[in-house]
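Listed below, chain by chain, are the residues.
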Amino acid sequence: MTPAGIREVAARAGVSVGTVSNFLNHPDRLSEAMAKRVTEAIDAVGFVPSNAARQLRMGVSSVIGYLASDIGNPHFGEIATSVQARASELGLSVFIADAQEDPRQEDAYLDAFAQHHVRGLLVASHHPVEDRLALLRRRGTPSVLVGQRASSTEQPSVSVDEFSGGRQAVEHLRDAGCRRIAFVGGPAGIVQVAARRAGADAAAEAHGLRLSEIVVAERSVAAGRAAGAAIAEMTAGARPDGVFAVNDLLALGILQELVGRGVRVPEDLALIGYDDNEFAEASLIPLSSISRRHRDVGEFVVDALFETMEQRSPAELHCELEPILVARRSTLGFSRG
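Keep in mind it's a predicted model, so treat the numbers as computed, not measured. (Residues numbered from 1 in each chain as written. Predicted model: local features only at pLDDT ≥ 70, side-chain atom pairs only at ≥ 80, totals over all residues. Heavy atoms only, no water.)

### What about helix 7 (residues 130-138)?
Now for step 1: Residues of helix 7 that are buried include every one of Glu130, Arg132, Leu133, Ala134 and Leu136, and no others.
Now for step 2: Residues of helix 7 that are buried in the fold lie against helix 6 (103-115), strand 3 (120-123) and strand 4 (143-146).
Now for step 3: Directly after helix 7, the chain includes Gly140, whose backbone phi takes a positive value near 105°. (Buried < 20%, exposed > 50% of the residue type's maximum accessible area, 1.4 Å probe, protein only. Helix = DSSP H or I, 4+ residues; strand = E, 2+ residues; numbered from the N terminus. Contact = heavy atoms within 4.5 Å.)

### A word on the nonpolar core
Now for step 1: Formed by 43 residues in total, the largest nonpolar core has its most connected members in Val170, Val243, Phe244, Ile254, Leu258 and Leu271.
Now for step 2: Where this core is concerned, the elements lending two or more residues are helix 8 (162-176), strand 6 (181-185), helix 9 (191-206), helix 10 (221-232), strand 8 (242-245), helix 11 (248-260) and strand 9 (270-272).
Now for step 3: Ranked by residues supplied to this core, first place goes to helix 11 with 6 residues.
Now for step 4: Within the second largest apolar cluster, 25 residues are counted, among which are Leu122, Val160, Val302 and Ala304. (Core = buried A, V, L, I, M, F, W, Y, C linked by side-chain atoms within 4.5 Å.)

### Looking at unusual backbone geometry
Now for step 1: Gly186 connects to Pro187 through a cis peptide bond whose omega is -10°.
Now for step 2: Turning to its location among the elements, Pro187 is positioned in the loop between strand 6 and helix 9.
Now for step 3: Looking along the chain, the bond that leaves Val265 and enters Pro266 is cis, with omega of 15°.
Now for step 4: The topology assignment puts Pro266 in the loop between helix 11 and strand 9.
Now for step 5: Non-glycine residue Asp276 carries a positive phi angle of around 55°.
Now for step 6: Summarising the element assignment, Asp276 is placed in the loop between strand 9 and helix 12 (278-282).
Now for step 7: A residue is classified by how much of its surface remains accessible, and Asp276, at 17% relative accessible area, is buried.
Now for step 8: A positive phi angle is found at Arg293, which is not glycine, with a value near 55°.
Now for step 9: Note on placement: Arg293 falls in the loop between strand 10 (289-291) and helix 13 (294-309).

So, in structure tokens, the structure goes:
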């Protein structure tokens, strides 16, 4: 049996197809009596409106896309939770895609989002993506860059001051009494990593300290364990007494390895991470970290995208949030021997 369509509803109600269309898309334009008449006809013929089809005809969708660089990283997952909550408040649904730090996968998802006519995009990428977003913008799909400051005066972005975060981390270690500080991070080609390192270097220079460095190929717990093993195997005189890991996953891996090898944290070595993800506080030794304010970022990016979609200028084209130091036991119990 062929499903009832808009013409059947119009015939049943004794109104024009345009009146039924107005009821579906602009119900405020109909009188209460007329709206009741159309409603009864819809119920009688069993008509089910197609939101997707109607949105395509109108050129408006209630769906936005969130493209994360690596949803397995709690940082992106926590932003996604905030994005969904704020979008729901605004009557929007969110499709989430995970590029797994692969630029080709990123391009494929951007194509898919465009083909499905999402109303707007939130893009958290570690790769140069502004040219691609500019092309989508010219084709009618606005976007907000998440987690890095856009260079274009036409591309809205919401980011965190990573330089300040790196500076705060090293200053905290210095204030705790550390003098031999190591930076664990990489790859340097990632904008956020480079900015955190620059902030750390600036703090070290300001206090007459010199950072050592342990370069890692990825920012994972496994890479942290390898770095922790390298630190534990150093002689006591050569070993750093403070470590700044460029994210919490690395820091947690370092912590696991150091404790397993008999290096006491924080008594022998103070350790601070970055992101303040959900595991930092829950760790056996609660981890000091630099908070990137995931909830705030999620709310800000959705608000900026909503204003852009409504053809209003965002309150700030490039919103840069100040990160927050969260001090816990992994640094607060350090003691210079």
